[in-house]
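# Report on the structure
Chain by chain, the residues:
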Amino acid sequence: MGTAVTTLIKDSPPDAPAKRPGRPVAVRRRGRRENLAGYLFMSPWIAGFLLLTAGPMAASLYFAFTDYNLFDSPKWIGFDNFTRMLDDPRWQKSVEVTAKYVVIGTPLKLLLALGVALLLAQSRRGQAFYRAAFYAPSLIGASVSIGFVWRALFSDDAAVDRTQSFFGFDVGGWVGNPDWVLYSLVALTVWQFGAPMVIFLAGLKQVPKELYEAAEVDGAGPFKRFWSITLPMISPVLFFNVLLETIHSFQIFGSAYVVSNATCGPADSTLVYTCYLYQKGFKEAQMGFASAMAWMLLLAVALVTVVLFWSQKRWVHYEEASR
Amino acid sequence: MGINGSVERRTVLKAAGASLAAAGLAATTGCGGDGGGSGDGTVEIRFAWWGAEERAKRINQSIKLFEKKYPKIKVKTDFQDYVAFWEKFQTQAAGGNPPDVFQNAVAFLRKYDKRSVLLDLKSQVDAGNLDLKNFRAGVEKVGEIDGKLLGVPVGSNTMSLVIDEKVFKAAGVKAEQGWTWDEYFAALKKIHDTQKVPGDSGYFGIMYLYDLFLRQNGKAFFTEDGLGFEETDLTEWWQDGYNRVKAGIVTDPKKVEQLKPKSALASGDAASEFTWDNFTVRYATEGDSSYGLAPIPTTDGKETGQYLGSLMLSGFARTKHPKEVAQFISFMVHDPEVGKIMGYDRGLLSTTEQFDAYKPTDAPNQAIAKYEADVAEAGLLGTITPHPAGADTVEAAFLRVAGDMSTGKTKVSDAVKQFFSEAKTALAT
């Protein structure tokens, strides 16, 4: 195929064409035509990428340095949006809320995912059913409807509140309580532990059985086996999940927006970063400021990613390296 | 691949071309669907508003009457709640595709006029497509901004104080025309002390009420292009508010948040609440006490600072059918049958034809009519405060920052600074 042919040409010694002059040209031409066909096939997606992703991104980078209200043409203001942002108490609040959500939600979700994966990794009857059942919430999780269900569950005098009140612990519904509502969002994300769980499961299956047998012979208990074999062996998978879930958590929007009934409240208690970005852009028509916020988020996520990658040499154990 | 290349290549290229064409086709059809006329001269106009299901039912009934009278005009409708409506509208307007005719409020007139979204209806009045006669109490003036007619009022309303009559009676306090703020707050304290109920649900966050207070003192919330008061004014207003929350005279703001969408007055967690008089119908349906409309407290024992506000119908500046839009608005504000259908849902009906046609039979609606008549008779109605572009964002910020302040989350002085800074940004864009 195309790539194979080109590599072949590249790999041949410099004097090769001289021996058989006709063929490489024909091969090259055919390769070019095939490339053309390939690009034509891809054209809808390339066009889509340029028009719907790359173009808007470039535009948003430009808007980030302007004052733009959607109606008048953007005014260049340099770094004003960024300096204003750092002084804005609501922006600070949104960073605080998002950080809290990420720091509490992500580890809980991963712990639960790992815990359930460990249980499901053992061969039992009906295992396939349980896997599907635990995975199901992740499938519907991103939808708006589940946000409404959550809102209904955690409202004043709804299912959760009544159960709580029965045990003499009435907070008047999580949704309306500024001190509690963020935890309902955390509960929502934790409940959707299916995707990392499946990845953990795949990782657990890769751990060689001999290691456990050898450890058992040496008299290692279940905890020791988990700590010294399972955890190091699945650490690449763990790293992958931590990375993915952290990035994902930073982008929380849908659940906060729906559960707070589009207010990101009460009292800004669910004002996650993207929610504030949305308010600035689409409610207050400060598109310049909102674009600047978007790029700040990108920078922050990139920074966290870099830190995570840097940290992995301390705790992520790749098998190849140890061989 | 490779050996029988030529045939295959052709098919391949054809297929690739087809997929490209399909994508292009999808793009063009996506942009199509331009609402407009069809061959037989029938014209379609889009009408959007905000409000609850109930309002939608009434409006759809009214539109049926309109379409019967004007068979060549079809009205396509759309509605959301207040917040969602303006979000959608802003995006549509920025894209040059807002509805042809839509519900509007005074806070948005300058904002969208500045952005050339609003149709100046003056020329349609001159052309005889829009009748501007028979409006009550000069309410049509609300839609006149900077010499243009940007909206036609469908109803009139005014700020009012809604009270829980049973609690007021049990506490032995009476709300009377011309009572002062001192008397009002003394009454709240008495209610709190004797009835163990907070007196008010959070007056300090309502921009339109603070406007009345400022007007009583020779100021106003807005000038033509900015705020009409100082940081010291607001510091006093909010500090008092905060102290009253602490003293239990005003409902705990956290409680108010939790009760939403129910109001603290209806749930029995407050004995009074300031709101627009046409909103008061909700209390009777939400709560089980009896609710009445009381006079706004005054500073000098006389002036309440009240004025008539209103919801309006406005047109899109670049609508393809300005004549039909004008005819639609004219019908909706003048037709007596429409008046009977709409009732006081959007305020007291603005034209005499509609006002005379609708006779409310239920107590809450009768009370609204009486309230506005009383206020007008007492000679208390002034000219509406100007609303500069960005007034809507300022109102939302006022409510939110006041909320943060009242829960103690933000210090009063910081809250005032934050509000002024946000207002400055909002009024500049």
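As the structure is a prediction and not an experimental result, all values here were calculated from the model. (Residues numbered from 1 in each chain as written. Chains lettered and ligands numbered in written order. Predicted model: local features only at pLDDT ≥ 70, side-chain atom pairs only at ≥ 80, totals over all residues. Heavy atoms only, no water.)

Let us look at the packing of aromatic side chains. Evaluation of the coordinates by the stated rule reveals 71 aromatic pairs over all chains. Seen in terms of ring centroids, Tyr-62 of chain A and Phe-63 of chain A are 5.8 Å apart; in terms of plane orientation they differ by 45°. Their pairing is tilted. Taking the ring centre of Phe-355 of chain B as reference, the NZ or CZ of Arg-136 of chain B above it sits at 4.3 Å. The aromatic ring of Tyr-283 of chain B is capped on one face by Arg-282 of chain B, whose charged end is 5.5 Å from the ring centroid. (Phe/Tyr/Trp six-rings, centres within 6.5 Å; stacked < 30°, edge-to-face > 60°. Lys NZ or Arg CZ within 6 Å of the ring centre and 35° of its normal.)

What follows covers the interface of chain B and chain A. Taken residue by residue, the interface counts 30 residues in chain B and 34 residues in chain A. Of the roughly 2,900 Å² buried between chain B and chain A on both sides combined, carbon and sulfur atoms contribute 60%. The tally of links from chain B across to chain A stands at 2 salt bridges. Ionic pairing is found between Asp-179 of chain A and Lys-254 of chain B, a salt bridge with its closest N-O pair at 3.3 Å. For the pair chain B and chain A, the number of links is 4 residue pairs in polar contact (both at pLDDT 80 or more). Among the secondary structure elements, those contributing two or more residues to the side of chain B that touches chain A are helix H1 (5-31), helix H3 (82-94), helix H10 (253-259), helix H16 (391-406) and helix H17 (412-428) of chain B. By residue number, the principal contributor to the side of chain B that touches chain A is H1 of chain B, which donates 8 residues. (Contact = heavy atoms within 4.5 Å. Buried area = accessible area lost by both parts, 1.4 Å probe. Salt bridge = Lys/Arg side-chain N within 4 Å of Asp/Glu carboxyl O. Polar contact = N/O pair within 3.5 Å; in protein donor to acceptor, adjacent residues only side chain to side chain. Helix = DSSP H or I, 4+ residues; strand = E, 2+ residues; numbered from the N terminus.)

All names here are of chain B. Considered domain by domain, chain B is made up of domain 1 (43-154 + 309-358) and domain 2 (159-278 + 291-304 + 383-428). In this complex, domain 1 contributes 14 residues to the contact, which on the side of domain 2 involves 14 residues. Taken together, the two surfaces of domain 1 and domain 2 that pack against each other cover about 1,000 Å², and 54% of this comes from carbon and sulfur. Looking only at domain 1, the three residues that lose the most surface to domain 2 are Val-106, Ala-107 and Arg-110, adding up to 50% of its buried area. The salt bridge involving Glu-224 is made with Arg-110; its shortest N-O contact spans 2.6 Å. (Domains from an automatic or database assignment.)

This part takes up the pairing of strand E2 (residues 73-80) of chain B. Residue and element names in this part refer to chain B. Pairing geometry for strand E1 (residues 43-50) and E2, over 8 bridges, is parallel. Within E2, the residue paired with Phe-47 across the bridge is Thr-77. Once the chain exits E1 it traverses helix H2 (residues 53-69) before rejoining the sheet at E2, and the crossover so formed is right-handed. (Pairing = 2+ DSSP bridges. Right-handed = clockwise from strand over helix to strand, strands pointing away.)

This part covers the domain arrangement of chain A. Residues and elements named next belong to chain A. The assigned domain composition of chain A is domain 1 (2-63) and domain 2 (80-322). With 4 residues of domain 1 in contact, the opposing surface of domain 2 contributes 4 residues. Overall, the association of domain 1 and domain 2 removes approximately 380 Å² of surface from exposure, summing both partners, and the carbon and sulfur fraction of that is 64%. Looking only at domain 1, the three residues that lose the most surface to domain 2 are Ser-60, Leu-61 and Phe-63, adding up to 82% of its buried area. Our enumeration of links across domain 1 and domain 2 arrives at 0 salt bridges.

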